[in-house]
Amino acid sequence: MSARFARDEEITAWREDGWVLLDGLIGTDEIDAATVDLREVFPTPERYHADPVGETEKWLGRPPPGREWYVWPPHGPGFRPEQHRWQSQFPFPGTGTLNRLLVHPAIVDFVNRALQTADLRLYQAQVLAKYTGDTNYEQPMHTDRNHSFLPPLIDPQWLHVEAFLYLSDVHGGAAPTHLVSLRESAGRPPTVPLIMPDADPELYAAERPATGVRGSLLAYRPDVFHRAVDLTAPGGARFLLNVSFKTAGQDWIGYHAIQSRATSPHWVAFVEASTWSELALFGFPPPGHPIWDTALIEETARRYPNLDVTPWRVVLGRP
Ligand SMILES: [Fe+2]
């Protein structure tokens, strides 16, 4: 199965329902090639389940005890810190194929069309893992308020795209995110921190699981109610690439600052393998930007020795 571009009705579903599962957007062959790099940051399901305590200590050390002001009960929905302990931020080590998925043409095309702009910024980039039994992954219904200083706006020009690219098959027992269509959550303000089941059983009854094969992309709007559910498959694990985009210039939206990792050799290798338009997704100035002069191009070429700076030179008139 190979990659495809989003269908028009999928763009419409994202806009009107608030979320869409683009089944098999990227081919399983490309996903499997990239997941080799996951082995550099997470244990395989087999290794984890053979020795959960030992593998956790090996990869994460012995984390200090939590100092949360509120400890969620073990059962039922909650925001437990352990739900997020297996995560790694871009740039990822390894062959570089996992990094390339962030700027996959099928994903960028979808977001271009969803946000109706060619001037995008990638503002969140991390891989996440879950393992059956590691914690109770079930969350209460919420919107993601930690991507913006502001409440979500409905006007399309102010929307952003949050997305999960599935790196493993996400079936019913593999903790598919549950989401509610905007049509069915109408009237609920997306500014509330969370909604517990007994406060709004109708909202919970309207949730749907976003199941899909690896290579599927779950994309949702910031005003969509959703929640994680527990991972129940025996010996199971779930891996995904979390990548989110906004329209350039919307400084109130953000999550990761990739500049803080710009000295990483994995970032250097990523830059050297990228086109100027892929780099522009990160805020790297494109050819023709007023910041460029010959000296800066030469210094940049020294910092990224294998980057072809011809496009920047050509625009200056000095190929
Ligand atoms: Fe969320």
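The structure we're discussing is the one just above.
Draft legend 1. Layout of the overall build of the protein. Across its full length, the protein holds 11 helices and nine strands. In summary, the protein has a C-alpha radius of gyration of 20 Å against a globular reference of 20 Å for 319 residues, a match within 12%. Dimensions of the protein along its principal axes, counting C-alpha atoms only, are 65 × 45 × 45 Å. For the protein, with 319 residues in total, the buried portion stands at 52%. Restricting to contacts in the protein with at least 6 residues of sequence separation, those with at least 24 account for 84%. When the accessible surface of the protein is split by element, carbon and sulfur atoms take 56% of a total near 15000 Å². Averaging the coordinates of the 28 positive side-chain charges in the protein and doing the same for the 39 negative ones gives two points 3 Å apart.

Draft legend 2. Just the pairing of strand S4 (residues 161-166), in detail. Burial runs high along S4: six of the six residues are buried. Neither face of S4 is exposed, since Val-161, Ala-163 and Leu-165 on one face and Glu-162, Phe-164 and Tyr-166 on the opposite face are all buried. Two elements, S4 and strand S7 (residues 217-220), share four bridges in a ladder whose sense is antiparallel. Within the sheet, the bridge partner assigned to Phe-164 lies in S7 and is Leu-218.

Draft legend 3. Representation of the packing of aromatic side chains within the structure. Applying the stated criterion to the full structure yields 21 aromatic pairs. With centroids separated by 5.1 Å and ring planes inclined at 85 degrees, the aromatic side chains of Phe-90 and Phe-270 adopt a geometry described as edge-to-face. Of this pair, Phe-90 sits in the loop between strand S2 (87-89) and helix H5 (97-101) while Phe-270 is found in helix H8 (residues 265-272), placing the two residues 180 residues apart along the sequence. For the pair Phe-90 and Phe-270, a shared accessibility class is recorded, and that class is buried. Sitting over the ring of Phe-239, Arg-39 keeps its end group 5.7 Å from the ring centre.

Draft legend 4. Looking closely at the sheet that holds strand S1 (residues 19-22). The six strands lie next to each other as S1-S7-S4-S9-S3-S2, forming an open sheet whose pairing is antiparallel. A strand with exactly one partner marks an edge of an open sheet, and here the two such strands are S1 and S2. If you compare each strand with its neighbour and ignore which way they point, the axes differ by 20 degrees on average. Bridge count for S4 against strand S9 (residues 237-247) is six bridges, and the pairing is antiparallel.

Draft legend 5. Just the coordination of the iron ion, in detail. Binding of the iron ion to the protein goes through His-142 (NE2), Asp-144 (OD) and His-226 (NE2), at separations of 2.2 Å. Mapping the donors of the iron ion onto the primary sequence gives the spacing H-x1-D-x81-H. Placement of the pair is Asp-144 in the loop between strand S3 (120-131) and S4 and His-226 in strand S8 (residues 226-227), with a sequence separation of 82 residues. Both residues of the pair, Asp-144 and His-226, belong to the buried class.

Draft legend 6. Structural context of the layout of surface pockets. Looking at the largest pocket, its volume works out to about 730 Å³. Around the largest pocket, the lining is made up of 31 residues, and of these His-84, Gln-139, His-142, Asp-144 and Asn-146 lie nearest the centre. Elements that contribute at least two residues to the lining of the largest pocket include exactly S3, S4, S8 and S9. Sorting elements by how many residues they give to the lining of the largest pocket places S3 first, with five residues.

Draft legend 7. Quick look at the pairing of S7. Side-chain alternation along S7 places Leu-217 and Ala-219 on one buried face and Leu-218 and Tyr-220 on a second face that is also buried. With four bridges connecting them, S1 and S7 associate as antiparallel partners. Along S7, the bridge assignment pairs Val-20 with Ala-219.

Draft legend 8. Broad picture of the side chain of Ser-148. Along the chain, Ser-148 falls in the loop between S3 and S4. Under the relative-accessibility criterion, Ser-148 is labelled buried at 19%. Within the structure, the side chain of Ser-148 is placed 3.0 Å from the backbone nitrogen of Leu-150, a separation counted as a polar contact. If near-sequence neighbours (up to four positions away) are discounted, Ser-148 is found in contact with Trp-252 and Ile-253.

How each quantity is defined
Residues numbered from 1 in each chain as written. Predicted model: local features only at pLDDT ≥ 70, side-chain atom pairs only at ≥ 80, totals over all residues. Heavy atoms only, no water. Helix = DSSP H or I, 4+ residues; strand = E, 2+ residues; numbered from the N terminus. Rg over C-alpha atoms; globule rule 2.2 N^0.38 Å. Buried < 20%, exposed > 50% of the residue type's maximum accessible area, 1.4 Å probe, protein only. Contact = heavy atoms within 4.5 Å. Areas by Shrake-Rupley, 256 points an atom, 1.4 Å probe, with all protein chains shown as cover. Lys, Arg positive; Asp, Glu negative; His and termini not counted. Charge placed at Lys NZ, Arg CZ, Asp CG, Glu CD. Pairing = 2+ DSSP bridges. Phe/Tyr/Trp six-rings, centres within 6.5 Å; stacked < 30°, edge-to-face > 60°. Lys NZ or Arg CZ within 6 Å of the ring centre and 35° of its normal. Axes fitted to C-alpha atoms, helices over the stretch in contact; angles between N-to-C directions. Donors = N, O, S within 2.8 Å, 3.2 Å for Na, K, Ca; no water. 1 Å grid on protein atoms, 1.4 Å probe; cavity = no way out; pocket = protein on both sides within 12 Å on 5 of 7 lines; lining within 4 Å. Points joined across faces, edges and corners; volume = space filled by probe spheres on them. Polar contact = N/O pair within 3.5 Å; in protein donor to acceptor, adjacent residues only side chain to side chain.

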